[in-house]
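Per-entry structural report
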Amino acid sequence: MRLSARVDYALRAVTELASVTGAGRARPVTADQIARAQEIPPKFLESILLQLRRGGIVHAQRGPEGGYWLARPGAEISLADVIRVVDGPLAHVRGQRPEHLGYHGAARSLQEVWIALRASERQILELVTVADVAQGTLPEAVTALVADPNAWS
C-alpha cells in the first residue's frame, strides 16, 4: 500500500484535531498550530484543510478566534473517510477500480486478488478511527496484526 504525503499529512492533521478538540474543547485550532505540532509544511497543510473542509471532515472559522475543528466526533471518522476525501477511492490499479479491469488467461485471478486486497485494506481503515489513533488505543484486530514480527518487514 502506498499513501501519498498529502494523505499522511491529512491523517496527522485530523488526528491532531481529535487529540486537542475532543472532550468539549470550544476553541478552534489554527492551521499554524497543527503544522507546528505535526511538522507539516504550513502552505501544504492549508490546501489539505480546505479539502478536508469541503469533504465534511473538519469545520473552519475565520477571524482572530478562528481555526479548525472536527465536523463530528473523532470516534465517528475512520481513516478510510479521510483517505477517500483526499485521494479518492481505495485500492486502484493503474487508476482504475479493480472490478473494472479485464484480465485474461493465466492472469484472470489477479482481479480477485486486487478486490480481496481492497477489502482487507478497507476493513482495517474503516475499523480504525482518528480518535483511536489520537488516544493510542487501536482496535484489537489491528494490534494483533502489528504483534506479528513479519508485519514489520
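Let us look at the structure shown here. (Residues numbered from 1 in each chain as written. Predicted model: local features only at pLDDT ≥ 70, side-chain atom pairs only at ≥ 80, totals over all residues. Heavy atoms only, no water.)

1. Thoughts on the packing of helix H2 (residues 31-38) against helix H3 (residues 42-54)
Two packed helices can be described by the angle between their axes and the distance between those axes. Going by this rule: Here the axes come from fitting lines to C-alpha atoms, over the contacting stretch only for helices, and the angles between their N-to-C directions go from 0 to 180 degrees. Here a helix means four or more residues in a row that DSSP labels H or I, a strand means two or more in a row labelled E, and each is numbered from the N terminus. Any angle that falls under 35 degrees is termed roughly parallel, while one over 145 is termed roughly antiparallel, one within 65 to 115 roughly perpendicular, and all others oblique. Take the far helix as your reference; a near helix turned counterclockwise from it by less than a right angle gives a left-handed crossing, and one turned clockwise gives a right-handed crossing. Note on definitions: a residue-residue contact is assigned when non-hydrogen atoms from the two residues lie within 4.5 Å. For this classification, Asp, Glu, Lys and Arg are treated as charged, while Ala, Val, Leu, Ile, Met, Phe, Trp, Tyr, Cys and Pro are nonpolar and the rest, including Gly, are polar.
Where H2 meets H3, the closest approach of the two axes is 10 Å, and the angle between their N-to-C directions is 120 degrees. Judged on the interaxial angle alone, H3 and H2 are oblique. As H2 runs across H3, the sense of the crossing is right-handed. Residues Ala 31, Ile 34 and Ala 35 of H2 lie in contact with H3, whose contacting residues are Pro 42, Leu 45, Glu 46 and Leu 49. Considered class by class, the residues forming the contact of H2 with H3 number six nonpolar, no polar and one charged.

2. Observations regarding the pattern of salt bridges
Rules: Throughout this description, the term salt bridge denotes a Lys or Arg side-chain nitrogen within 4 Å of a carboxyl oxygen of Asp or Glu. Throughout this description, buried means an accessible area under 20% of the type-specific maximum (1.4 Å probe, protein chains only), exposed means over 50%, and partly exposed covers the range between.
For the coordinates displayed, the defined rule picks out four salt bridges. Between Arg 72 and Asp 81 there is a salt bridge, and its shortest N-O distance comes to 3.2 Å. Taking the relative accessible area as the measure of exposure, Arg 72 reaches 29% and is therefore partly exposed. Classification of Asp 81 by relative accessible area gives partly exposed; the value is 24%.

3. Topic: the packing of aromatic side chains
So the rule is basically this: Working definition: rings of Phe, Tyr and Trp (its six-membered ring) pair if their centres are within 6.5 Å, and the pair is stacked with planes under 30 degrees apart, edge-to-face with planes over 60 apart, and tilted otherwise.
Summed over the entire model, instances satisfying the criterion amount to one aromatic pair. Measuring from centroid to centroid gives 5.4 Å for Tyr 9 and Phe 44, while their planes differ by 85 degrees, and the two rings are edge-to-face. Placement of the pair is Tyr 9 in helix H1 (residues 5-21) and Phe 44 in helix H3, with a sequence separation of 35 residues. Given the relative accessible area of 16%, Tyr 9 is considered buried. Residue class for Phe 44 comes out partly exposed when judged on its relative accessible area of 28%.

4. Quick look at unusual backbone geometry
Non-glycine residue Glu 39 carries a positive phi angle of around 55 degrees. Checked against the element boundaries, Glu 39 lands in the loop between H2 and H3. For Glu 39, a relative accessible area of 68% translates into the label exposed.

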